[in-house]
Amino acid sequence: MTDEQLKHKSKFKYNMSFYYQSTIIYFVAFAIYLLIRGQFVESSYTLITRDPIIYLLAFIVVVSLVALFFNLYRNRYIEFSNEGLIFSDRFGSKLIHKNEIKEVKLGKDRRYDKANPLKLVRIKINSRIRPLIVRPNDYENETELLKKFHQLKLEVEKV
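Residues numbered from 1 in each chain as written. Predicted model: local features only at pLDDT ≥ 70, side-chain atom pairs only at ≥ 80, totals over all residues. Heavy atoms only, no water.

## Remarks on the environment of valine 66
Move 1: Looking at where valine 66 falls in the secondary structure, it is placed in helix H3 (residues 52–74).
Move 2: Taking the C-alpha atoms as reference points, valine 66 and threonine 23, separated by 43 residues in sequence, lie 9.7 Å from one another. (Helix = DSSP H or I, 4+ residues; strand = E, 2+ residues; numbered from the N terminus.)

As structure tokens, then:
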């Protein structure tokens, strides 16, 4: 992406792929266990329902589906604007003005040269004691998001 396109791209949605993948994996494991645990007798399939592992796997699938639907409903995203940084979801948004930001630290992991899923961005704010911590890997277009945070860091250092 060029710098001009990056200026227009300022909204980064929360990455839901983890929830999709985990729900699918749990459901497949549940279905495979049901097939293995059931019995085929005279061309009919009977399921043994007194197995606690079936209930445990069903509970895990239901919890995974609830988490997936809740996060879909929540619709979280980060938006960069001229005023500052906006953390937003369906229930509200929090605007952090650029003049309120003390420092932006981009975490570096010297062990890896490639993108690290554990990389963190720490944003120190004047009105808060503890910094805001953002995992860029949790959002779509991680590399562009890191570029935007780097731009924000440069803008904050100028002021």
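The rest of the description comes next.
## Considering the sheet that holds strand S1 (residues 11–13)
Move 1: An order of S1-S4-S5-S6 is seen for the four strands of this open sheet, with the pairing classed as antiparallel. Of all the strands in the sheet, the pair left with one neighbour each is S1 and strand S6 (92–97). Averaged over all adjacent pairs, the angle separating strand axes in this sheet is 15 degrees, with direction ignored.
Move 2: Strand direction decides the pairing type here: strand S5 (residues 84–89) and S6, joined by six bridges, are antiparallel. Looking at S6, one finds that isoleucine 86 is bridged to leucine 95. (Pairing = 2+ DSSP bridges. Axes fitted to C-alpha atoms, helices over the stretch in contact; angles between N-to-C directions.)

## Observations regarding a nonpolar patch on the surface
Move 1: A surface patch of nonpolar side chains, about 880 Å² in accessible area, is lined by Tyr20, Ile24, Phe27, Val28, Ile32, Ile36, Leu65, Phe69 and Leu72.
Move 2: Elements with a contribution of two residues or more to the nonpolar patch: helix H2 (17–37) and H3.
Move 3: No other element matches the six residues that H2 contributes to the nonpolar patch. (Patch = residues over 30% accessible without salt bridge, like charges linked within 9 Å, V, L, I, M, F, W, Y side chains within 5 Å. Areas by Shrake-Rupley, 256 points an atom, 1.4 Å probe, with all protein chains shown as cover. Salt bridge = Lys/Arg side-chain N within 4 Å of Asp/Glu carboxyl O.)

## Considerations on the side chain of aspartate 51
Move 1: Checked against the element boundaries, aspartate 51 lands in the loop between strand S3 (44–46) and H3.
Move 2: Among the polar contacts made by the side chain of aspartate 51, one reaches the side chain of arginine 37 at a distance of 3.0 Å. (Polar contact = N/O pair within 3.5 Å; in protein donor to acceptor, adjacent residues only side chain to side chain.)

## Brief notes about the confidence of the model for the protein
Move 1: Taken as a whole, the protein shows an average pLDDT of 86; of its residues, 85% reach a score of 70 or greater.
Move 2: Ranking the elements of the protein by mean pLDDT puts helix H1 (residues 3–8) last with 51 and H3 first with 95. (pLDDT = per-residue confidence, 0-100.)

## Side note on helix H4 (residues 142–158)
Move 1: The terminal C-alpha atoms of H4, which comprises 17 residues, lie 24 Å apart, in line with the 24 Å expected from a rise of 1.5 Å per residue.
Move 2: Inspection of H4 places Glu142, Glu144, Leu145, Leu146, Lys148, Phe149, Leu152 and Val156 among the buried residues, and these make up the whole buried set. (Expected span 1.5 Å × (residues − 1). Buried < 20%, exposed > 50% of the residue type's maximum accessible area, 1.4 Å probe, protein only.)

## A closer look at H2
Move 1: Taking 1.5 Å per residue as the helical rise, H2 with its 21 residues ought to reach 30 Å, and the 30 Å between its terminal C-alpha atoms agrees with that figure.
Move 2: Looking at the buried side of H2, the elements it contacts are S3 and H3. (Contact = heavy atoms within 4.5 Å.)

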